[in-house]
4 protein chains.
Amino acid sequence: MTDVITHHPRPEQLSYTFGGTTEPAERLNPGDVLRVYTEDCFGGVVRSVKDLPSQVVRFPFVNPVSGPFYVNGAQPGDTLALHFASISPARDWAASATLPHFGGLTGTSHTATLQDPLQERVWIYDVDVEAGLVRYHASSIDLTIDLPLDPMHGTVGVAPAAGEARSTIVPDSHGGNMDSPLLRAGVTVYLGVNVEGAMFAIGDGHCRQGAGEVTGAAVEAAMNTVVAVDLIKGVSTPWPRFESDDALMSTGSARPLEDAFRISQHDLVGWVSQLSGLDALDAYQLLGQAGRAPVANVVDPNYTMVAAIDKRYLAGATAYAGVHERLRAVGRQVVED
Amino acid sequence: MTDVITHHPRPEQLSYTFGGTTEPAERLNPGDVLRVYTEDCFGGVVRSVKDLPSQVVRFPFVNPVSGPFYVNGAQPGDTLALHFASISPARDWAASATLPHFGGLTGTSHTATLQDPLQERVWIYDVDVEAGLVRYHASSIDLTIDLPLDPMHGTVGVAPAAGEARSTIVPDSHGGNMDSPLLRAGVTVYLGVNVEGAMFAIGDGHCRQGAGEVTGAAVEAAMNTVVAVDLIKGVSTPWPRFESDDALMSTGSARPLEDAFRISQHDLVGWVSQLSGLDALDAYQLLGQAGRAPVANVVDPNYTMVAAIDKRYLAGATAYAGVHERLRAVGRQVVED
Amino acid sequence: MTDVITHHPRPEQLSYTFGGTTEPAERLNPGDVLRVYTEDCFGGVVRSVKDLPSQVVRFPFVNPVSGPFYVNGAQPGDTLALHFASISPARDWAASATLPHFGGLTGTSHTATLQDPLQERVWIYDVDVEAGLVRYHASSIDLTIDLPLDPMHGTVGVAPAAGEARSTIVPDSHGGNMDSPLLRAGVTVYLGVNVEGAMFAIGDGHCRQGAGEVTGAAVEAAMNTVVAVDLIKGVSTPWPRFESDDALMSTGSARPLEDAFRISQHDLVGWVSQLSGLDALDAYQLLGQAGRAPVANVVDPNYTMVAAIDKRYLAGATAYAGVHERLRAVGRQVVED
Amino acid sequence: MTDVITHHPRPEQLSYTFGGTTEPAERLNPGDVLRVYTEDCFGGVVRSVKDLPSQVVRFPFVNPVSGPFYVNGAQPGDTLALHFASISPARDWAASATLPHFGGLTGTSHTATLQDPLQERVWIYDVDVEAGLVRYHASSIDLTIDLPLDPMHGTVGVAPAAGEARSTIVPDSHGGNMDSPLLRAGVTVYLGVNVEGAMFAIGDGHCRQGAGEVTGAAVEAAMNTVVAVDLIKGVSTPWPRFESDDALMSTGSARPLEDAFRISQHDLVGWVSQLSGLDALDAYQLLGQAGRAPVANVVDPNYTMVAAIDKRYLAGATAYAGVHERLRAVGRQVVED
């Protein structure tokens, strides 16, 4: 029997950092399934086109995460496996916005310019889970566009190493705000454990997101999410990895963007080499022809890229002793119950 | 009747720059179709795993292009449309390699380090056009992997502006060595004309390529290619754009990689805005949720990214007065003849 | 009468993060002077050319700082002023090293490459405070070179905002490991306060350092340092600033390096504008012709640049109501006593 | 007897590229001295605060250079030595400006943003050669500031390799628009020869410039300049180098800025190693403690940094067989005549 833990945090229970907290929201065992509610990145207060984030959001308290969750037995040097069995929008609307000096096509706090900021503007999307659509409403002309619903979590991570605590806005080797559209239901996330209990947390649901999240915000939504949890003892994972039924994926988060690319490709060269028996140069050559490099975000304090390879090119190779397949089965059963 | 011009250059007719040449290889009229042979990036001299590029290639004479082709009537401020009707490997083998201090996971001439270079190594691929496959042969263990054949051109461009001549290794606003896997058959490339006659050229065929071309070389091959040519008078195009049956794509080539991202997304915001009537912020928001950002290369003197949006989200919009559809029909007829 | 607080931490009292600690090492009042001992970045264990850091240093416990110090009355939104009255090497030797995958001319954890690391090597310098020299001993040939002693602190900062805790290796808007040779005796550092008590700390003494700290380590030394402390209530400082008798300086820490440049220049444009009455464009123009841009580090997790302008071009302007002059007088008296 | 060649180009004789021209402005022998007039970067047409560059300058015809000059006997693989004996402003005024989407604190064509451009504004400086001053006039308030006259050339270079021609706006391994304040009278510039005759050119005089040239334009002026020319046969120089009486300097031009830093530091490690007999790691360590990293420009198509070391730390080492000392003597004599 799988234990299913349900966690629906009150606003004051939400967290705004990875690390820095010793009191977990819940304690889980490897093998448990977590049903968790996550609030949107605005804390749920951007509800109409008149709710400008700079006026209604209490900075720096943005991008709340649910957690942290303590995993019994997790020690530094282990790997935490989180299989996202389902991600479902909790409301029939979602919000997006331009934010002053934040985003991909504007000067920012770091790419500092003397120009005036872009206009702050909010878009409210209709969310139709039945139809599998979100509806964009233009603000400058009378136009709506239906886009496929494709729910994902922008933020998932563990407490960082070296005693650090990082804002939930930041993606780095501990995970965090990676904002990859590939982190959707059906995917297992592998995170290296840095502190006892791992202290993982999840947030920042998106009904969908373009590559790069260029506007600075996706179709931001509260989510009801089911996660199957497991622990791989004695195996370390330096940067977050994803596994789907079809592909292996390494992530890198850094600036400039080519370093995010390099980290992710370098990690995948090593992973492919280890799984296939190819030496590093052979794995590098294979990635050069068969690899993918899906862009996650080009707006957060670190940019995130993913390096991916289809499993069909790695016949017979099984990552992390097949934990993805096991968790998928567990998760599916809980979701279907 | 469509005029079909065939050009199979002798080695001494190949070009190594965009611009800097006043004598065209051929003169074409808008509406003509070009059948062109292109040599591989090594000049065809890397034929076995013993042919190390540093020994057999005569630097800087790498990445030869066929051309330049003079288009009658082309003037600065016009746009050249090149529809790739077909791209077919000319041999049953293709080559790839690691090159000293070139590639995505090594120090380079510019990311200068004091470390020893990676080992130089060559891989020869079998090319099976019938089966639609290229076969990778590992060098460190006894392993072959079949990958889908997906022919493309890494290099296409026109003479640059401002009297410049650029090595064919470089991608920039004139096109050049963009190395995007999306530049495959069925795609129309739009290039802003900078000099009388446009002086376009094509080369660097790849049987396939991973995103980023991280090894520094793709599955490099000579190609027989069919291109339908047209001219859009009085319409300028600041950075190369692609159009397929399904998508509109803008490119950007720059360092760091985020600037390539910014250029491409910025151009696509403007293009979408112009085609749809959305204002810039609305187009930006739409791209933030529906845009794609396929990585082209992260190894050349400038890195290249593509920004893409599916046409289905831009109902009714027709780019460049429908030249893509027209050229596709012309090209298909020539290919089928 | 100035209160002088002396703090010589035992090894177990050293800190490895800014933020994340609630228990201060000492509590100070504005106006106090702190005499503090700081250990070197290796924790004092690299004492001969045989002490390779990768073998003798207990990662991640590098770059220890003395502190944190709680300043009574300091609140978020205030500015802490730390005047470095003197910085004196505590030993007659100092150490430097190349570290695997760390430094300016090597691939790193983030600029990830597949090449072998550079050789790890240690250099021990003689320190002659009387003569004002450090002596470099070459390892490959029999050669010594005398360089001027120019003591500085690589690391000074406060607890970060937003509940973050950052490794002492990292420079950011809270200060930290900026590694600027300009942070020498005679300089006042201004730091925006993010938490009650400010919780500042100091470490990473260098007998001298080249611009960029390209090797990854400077002439690393334990220091005896005298700091005069003050608080500017109700005035915020977004990024660390320095003031000497001759110049005003803003810092920026980010990647890529141009963003560190932009942050520092942008901050100095604002500071000059505020002090001089020039509008932003006039201040920008003045910096364009009279500004300096001393490079601090190009090796740490963020790179650091300084933007500087000589006070003589800002006749009559006094920064932070003259706190630099006041603290200099206080500090000098304590040092001379 | 030294031959002195005088060249005062008519406007139509000015050049806008390095390379791409086969007809030299003059032919010189090694050992000759050139007296050359250079126009300012605006072509001399920005003469009052009402002359906005976007209205009066005929883009892309900006940054004209005088030349190219053919040096008899120069062959690829040689090094050209240009000693700047004197640089004198040709007028009693000079101009600067903000340019739309160009500069260090604004979005640009490549760091593409959707924000409105900064206001375009012109500043006219008084130039007083006798007093050694340039006078800044604020535009927003009634304020003037006297700054030291410190004439330099922003642009000097040779024809590039590989058949390229580059806009005079671009700095790269052939030299070009490096915009370093260190390229002042008394300095010898070493440039690797790429084509027969070297085809060097000079332009873009600045009465002075801040580090980084953050505004995008310096105190731009026409200049009368004296250059002593020599040729070092059979010695190649991969990136431009400078030598003054006191220091050796390597340059690097690239994006991101850390790559310009890496190129310059890497070249100086090699140069110091070769001159001193230190191995590469020893030279790297020495630079880490004794090196300087003066920023040149952070606004041009490539950013430029200089790596410098004082000659006093390299006792007895003589670069390029003492050509700097020889040319200095020659140049001084011509200037004094």
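All values reported here derive from a predicted model rather than from experimental measurement.

(A) Spotlight on the overall build of chain A. Check the secondary structure of chain A and you find four helices and 21 strands. Relative to the compact-globule value of 20 Å for 337 residues, chain A shows a C-alpha radius of gyration of 19 Å, a close match. By the burial criterion, 66% of the 337 residues in chain A qualify as buried. In chain A, the share of contacts with a sequence separation of at least 24, taken over all contacts with a separation of at least 6, comes to 77%. Carbon and sulfur atoms provide 48% of the accessible area of chain A, an area that totals close to 11000 Å². Chain A carries 22 positive and 39 negative side-chain charges, and their two centres are separated by 1 Å.

(B) Molecular detail of the packing of helix α2 (residues 257–276) of chain C against helix α3 (residues 280–290) of chain C. Residue and element names in this part refer to chain C. Two elements in contact, α2 and α3, have axes separated by 9 Å at closest approach and are oriented at 120°. Pair α2 / α3 crosses with right-handed handedness. On α3, the residues touching Gln265, Leu268, Val269, Val272 and Ser273 of α2 are Ala280, Ala283, Tyr284, Leu286 and Leu287. Across the contact of α2 with α3, the residue classes tally to eight nonpolar, two polar and no charged.

(C) Broad picture of the relation of the copies chain D and chain A. In the superposition of chain D on chain A (RMSD 0.0 Å, axial shift 0.0 Å), the rotation amounts to 180°. Considering both components of the superposition, the chain copies are consistent with a two-fold axis. Same-surface contact between copies: 100% of interface residues of chain D are shared with the interface of chain A.

(D) Focus on the relation of the copies chain B and chain A. Superposition record for chain B on chain A: RMSD 0.0 Å, screw rotation 180°, translation along axis 0.0 Å. Both copies share a contact surface, since 100% of the interface residues of chain B are interface residues in chain A too.

(E) Representation of the nonpolar core. The biggest cluster of nonpolar side chains holds 173 residues, and the ones touching the most others in it are Leu80, Phe200 and Ile309 of chain C together with Leu80, Phe200 and Ile309 of chain D. By size, the runner-up hydrophobic cluster in this structure holds 172 residues, among which are Leu183, Ile202, Ala211 and Leu231 of chain A.

(F) Structural detail: the interface of chain D and chain A. Contacts between the two partners involve 15 residues from chain D and, on the opposite side, 15 residues from chain A. Carbon and sulfur atoms supply 58% of the area buried between chain D and chain A, which totals about 1000 Å² over both sides. Joining chain D to chain A, the criterion identifies zero salt bridges.

(G) Structural detail: the sheet that holds strand β8 (residues 121–128) of chain B. The strand order β7-β8-β9-β10 (chain B) describes an open sheet built from four strands, whose pairing is antiparallel. Only two strands of the sheet have a single neighbouring strand rather than two, namely β7 (93–98) and β10 (144–148) of chain B. The sheet shows a mean angle of 30° between the axes of neighbouring strands, taken without regard to direction. Pairing between strand β9 (residues 133–137) of chain B and β10 of chain B: five bridges, direction antiparallel. Looking at β10 of chain B, one finds that valine 134 of chain B is bridged to leucine 147 of chain B. Contacts from helix α3 (residues 280–290) of chain A reach β7, β8, β9 and β10 of chain B, with the element oriented near 45° to β8 of chain B.

(H) Examining the state of the cysteines more closely. Inspection of every chain in the model, using the stated rule, returns zero disulfides over all chains. The structure places no disulfide on cysteine 207 of chain B, whose sulfur is separated from the nearest cysteine sulfur, that of cysteine 41 of chain B, by 12 Å.

(I) Spatial organisation of the environment of phenylalanine 61 of chain A. Within the fold, phenylalanine 61 of chain A resides in the loop between α1 (53–56) and β5 (65–71). Here the alpha-carbon distance between phenylalanine 61 of chain A and asparagine 224 of chain A, two residues 163 residues apart in the chain, equals 21 Å.

(J) Fine view of the pattern of salt bridges. All chains considered together, the criterion is met by 78 salt bridges over all chains. A salt bridge links lysine 311 of chain C to glutamate 325 of chain C; its shortest N-O distance comes to 3.7 Å. Here the residue lysine 311 of chain C occupies a position in the loop between β21 (303–310) and α4 (323–336), and glutamate 325 of chain C occupies one in helix α4, the gap between them amounting to 14 residues. Across the pair glutamate 243 of chain D and lysine 311 of chain D runs a salt bridge, and its minimum N-O distance is 2.7 Å. One end of the pair, glutamate 243 of chain D, is in strand β18 (residues 241–243); the other, lysine 311 of chain D, is in the loop between β21 (303–310) and α4 (323–336), with 68 residues separating them in the sequence.

(K) The interface of chain B and chain A, seen in detail. Contacts between the two partners involve 65 residues from chain B, matched on the other side by 65 residues from chain A. Summing both partners gives a buried area of about 5000 Å² for chain B against chain A, and 60% of it is carried by carbon and sulfur. The tally of links between chain B and chain A comes to four salt bridges. Taking the shortest distance from any N to any O, the salt bridge between aspartate 282 of chain A and arginine 121 of chain B comes out at 3.5 Å. Counting residues per element, the side of chain B that touches chain A draws most heavily on helix α3 (residues 280–290) of chain B, at 10 residues. By residue class, the composition of the side of chain B that touches chain A is 34 nonpolar, 21 polar and 10 charged.

(L) A look at the packing of aromatic side chains. This structure, assessed with the given rule, holds 23 aromatic pairs over all chains. Arranged with centres 5.2 Å apart and planes meeting at 80°, the rings of tyrosine 16 of chain B and phenylalanine 61 of chain B form a pair that is edge-to-face. Of this pair, tyrosine 16 of chain B sits in the loop between β1 (4–7) and β2 (17–18) while phenylalanine 61 of chain B sits in the loop between α1 (53–56) and β5 (65–71); the two residues are 45 residues apart in sequence, bridging distant segments of the chain. The lysine or arginine in question, arginine 241 of chain A, covers the ring of tryptophan 271 of chain A, its NZ or CZ lying 4.4 Å from the ring centre.

(M) Spatial organisation of helix α2 (residues 257–276) of chain A. Along α2 of chain A, 16 of the 20 residues are buried, which leaves the element largely enclosed by surrounding structure. In the stretch just after α2 of chain A, glycine 277 of chain A is the one whose phi turns positive, near 85°.

(N) A look at unusual backbone geometry. Cis rather than trans, the peptide bond between glycine 67 of chain D and proline 68 of chain D has omega equal to 5°. With respect to the helices and strands, proline 68 of chain D occurs in strand β5 (residues 65–71). With an omega of -5°, the peptide bond between arginine 255 of chain D and proline 256 of chain D qualifies as cis. Mapped onto the secondary structure, proline 256 of chain D falls in the loop between β19 (247–254) and α2 (257–276). Backbone geometry at aspartate 179 of chain A places phi at a positive 55°, although glycine is not the residue there. In this structure, aspartate 179 of chain A sits in the loop between β14 (175–176) and β15 (188–192). Accessibility expressed as a relative area gives 1% for aspartate 179 of chain A, which makes it buried.

(O) Molecular detail of the side chain of arginine 121 of chain A. Relative to the elements of secondary structure, arginine 121 of chain A occurs in strand β8 (residues 121–128). Polar contacts involving the side chain of arginine 121 of chain A include one to the side chain of serine 139 of chain A, which spans 2.7 Å. For arginine 121 of chain A, the side chain forms a polar contact with the side chain of aspartate 279 of chain B, separated by 2.9 Å. Leaving out residues up to four positions away in the same chain, arginine 121 of chain A has contacts with Ser96, Ala97, Thr98 and Ser139 of chain A together with Asp279, Leu281 and Asp282 of chain B.

Quick notes on the rules
- Residues numbered from 1 in each chain as written.
- Chains lettered and ligands numbered in written order.
- Predicted model: local features only at pLDDT ≥ 70, side-chain atom pairs only at ≥ 80, totals over all residues.
- Heavy atoms only, no water.
- Helix = DSSP H or I, 4+ residues; strand = E, 2+ residues; numbered from the N terminus.
- Rg over C-alpha atoms; globule rule 2.2 N^0.38 Å.
- Buried < 20%, exposed > 50% of the residue type's maximum accessible area, 1.4 Å probe, protein only.
- Contact = heavy atoms within 4.5 Å.
- Areas by Shrake-Rupley, 256 points an atom, 1.4 Å probe, with all protein chains shown as cover.
- Lys, Arg positive; Asp, Glu negative; His and termini not counted.
- Charge placed at Lys NZ, Arg CZ, Asp CG, Glu CD.
- Axes fitted to C-alpha atoms, helices over the stretch in contact; angles between N-to-C directions.
- Left-handed = near helix turned anticlockwise from the far one by under 90°.
- Nonpolar A, V, L, I, M, F, W, Y, C, P; charged D, E, K, R; others polar.
- Least-squares fit on C-alpha atoms with pLDDT ≥ 70 in both.
- Core = buried A, V, L, I, M, F, W, Y, C linked by side-chain atoms within 4.5 Å.
- Buried area = accessible area lost by both parts, 1.4 Å probe.
- Salt bridge = Lys/Arg side-chain N within 4 Å of Asp/Glu carboxyl O.
- Pairing = 2+ DSSP bridges.
- Disulfide = S-S within 2.5 Å.
- Phe/Tyr/Trp six-rings, centres within 6.5 Å; stacked < 30°, edge-to-face > 60°.
- Lys NZ or Arg CZ within 6 Å of the ring centre and 35° of its normal.
- Polar contact = N/O pair within 3.5 Å; in protein donor to acceptor, adjacent residues only side chain to side chain.

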